[in-house]
Amino acid sequence: MLPATLAPFPPERRPALAGVADGTGWQWRALRDDDLPWLVPLYASTREEELRSVPWPDAAKRQFLSQQLVAQHQHYLAHHPRAHYLAILREGQPVGRFYVDEDGEEDLIVDISLLPSSRGTGTGTAVIGCQQQACAARGRALRLHVMQHNHAALRLYQRMGFVASAAATTGELYLPMRWEPTHRPLS
């Protein structure tokens, strides 16, 4: 079940990764209202494992996921109103989303999600690597939060130089992580 609509995405602005993303094999563009038909299954795929053991009928799961997507979207817009909400494209087709907030003292990856067929292909590594290059060029750190049970994402972030910025505590769902460029540009 598709939500009727999502609150509008913020106006398109040029993210810092625009200066380093050429020649990567992927492209990006600002998300639009007409992206909703593929954003719903993308979001559902990120919750698939979690809902596998829930004894609800499929229609109830779809309705729940639709409501959760709307709530997540409203939360992101409320807490990151000037973030870049980007579609990740390969060969012109959407394969994921990348939400990055560059307005604070450090950049924040709000969300990165890939369709199942694009996971493990190097796309996520390339997108995050471009954001790291953009951060390094501006002398900024990059933060994110990863679900503690998402071991594949945790391994990826550790491989890319992110370090847990707080001790993992029992009961906490998300682990904050931080990456810092080794060389800061001269001011």
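Only a predicted model underlies this, so the values are computations on that prediction, with no experimental measurement involved. (Residues numbered from 1 in each chain as written. Predicted model: local features only at pLDDT ≥ 70, side-chain atom pairs only at ≥ 80, totals over all residues. Heavy atoms only, no water.)

Visitor: With reference to specific residues and values, describe the pattern of salt bridges.
Guide: Taken as a whole and assessed by the stated rule, the structure comprises 12 salt bridges. The closest approach of N and O atoms between Glu102 and Arg138, which form a salt bridge, is 4.0 Å. In this pair, Glu102 sits in the loop between strand 3 (93–101) and strand 4 (107–114) while Arg138 sits in helix 3 (residues 123–138), placing the two residues 36 residues apart along the sequence. Taking the relative accessible area as the measure of exposure, Arg138 reaches 34% and is therefore partly exposed. Across the pair Asp107 and Arg138 runs a salt bridge, and its minimum N-O distance is 2.2 Å. With a gap of 31 residues between them, Asp107 in strand 4 and Arg138 in helix 3 connect regions that are remote in the sequence. Several salt bridges converge on common partners, so that one network encompasses Glu102, Asp107, Arg138 and Arg140. (Salt bridge = Lys/Arg side-chain N within 4 Å of Asp/Glu carboxyl O. Helix = DSSP H or I, 4+ residues; strand = E, 2+ residues; numbered from the N terminus. Buried < 20%, exposed > 50% of the residue type's maximum accessible area, 1.4 Å probe, protein only.)

Visitor: Could you give an account of the side chain of His84, naming the residues involved and the relevant values?
Guide: Its location among the elements puts His84 in strand 2 (residues 84–90). Among the residues examined, His84 registers a relative accessible area of 3% and is labelled buried. A polar contact is formed between the side chain of His84 and the side chain of Arg13, at a distance of 3.5 Å. Within the local environment of His84, its side chain forms a polar contact with the side chain of Glu102, the two groups lying 3.0 Å apart. For His84, the residues in contact, after removing those within four places along its chain, are Arg13, Arg14, Pro15, Phe98, Tyr99, Val100 and Glu102. (Polar contact = N/O pair within 3.5 Å; in protein donor to acceptor, adjacent residues only side chain to side chain. Contact = heavy atoms within 4.5 Å.)

Visitor: Residue-level account of the nonpolar core, with values.
Guide: One finds Phe98, Tyr157 and Phe162 to be the most contacted residues of the largest nonpolar core, which totals 27 residues. Elements with a contribution of two residues or more to this core: strand 2, strand 3, strand 4, helix 3, strand 5 (142–147), helix 4 (151–159) and strand 7 (174–179). Judged by nonpolar contacts, the second largest core, of 15 residues, contains Leu77, Tyr85, Tyr99 and Leu115. (Core = buried A, V, L, I, M, F, W, Y, C linked by side-chain atoms within 4.5 Å.)

Visitor: Tell me what's going on with helix 1 (residues 36–52), and back it up with residues and numbers.
Guide: In a regular helix each residue adds 1.5 Å, so 17 residues correspond to 24 Å; helix 1 covers 23 Å between its end C-alpha atoms and thus fits that length. The sharpest bend along helix 1 comes to roughly 45°, located at Thr46. Burial in helix 1 covers these residues: Leu36, Trp38, Leu39, Val40, Leu42, Tyr43, Ser45, Arg47 and Leu51. Looking at the buried side of helix 1, the elements it contacts are strand 1 (27–30), helix 2 (58–79), strand 2, strand 3 and strand 4. (Expected span 1.5 Å × (residues − 1). Bend = angle between axes of the 7 residues up to and from the residue.)

Visitor: Now, about the layout of surface pockets: what can you tell me, with residues and values included?
Guide: Reported here for the largest pocket is a volume of approximately 1,500 Å³. If you go around the largest pocket, you meet 44 residues; those closest to its centre are Thr46, Ile112, Ser113, Asn150 and Ala153. The element best represented in the lining of the largest pocket is helix 1, accounting for 8 residues. (1 Å grid on protein atoms, 1.4 Å probe; cavity = no way out; pocket = protein on both sides within 12 Å on 5 of 7 lines; lining within 4 Å. Points joined across faces, edges and corners; volume = space filled by probe spheres on them.)

Visitor: Please give an account of empty space enclosed by the protein that cites residues and values.
Guide: Across all of its chains, the model carries 2 cavities of 30 Å³ or more by this definition. The volume enclosed by the largest cavity comes to roughly 70 Å³. Around the largest cavity, the lining residues are Phe9, Pro10, Pro11, Glu12, Arg13, Ala30, Leu31, Ala83, His84, Tyr85 and Leu86. Top contributing element to the lining of the largest cavity by residue count: strand 2, with 3 residues. Of the residues belonging to the lining of the largest cavity, the class tally is 8 nonpolar, 1 polar and 2 charged. By volume, the second largest cavity amounts to about 30 Å³. (Nonpolar A, V, L, I, M, F, W, Y, C, P; charged D, E, K, R; others polar.)

Visitor: Before we move on, could you go through the sheet that holds strand 7 and cite the residues and values that matter?
Guide: Reading across from one edge, 1-2-3-4-5-7-6 is the order of the 7 strands in this open sheet, with mixed pairing throughout. Two strands bound the open sheet, and with one partner strand each, they are strand 1 and strand 6 (163–164). By the bridge criterion, 3 bridges tie strand 4 to strand 5 in an arrangement that is parallel. Note that in strand 5 the partner of Ile109 across the bridge is Leu144. (Pairing = 2+ DSSP bridges.)

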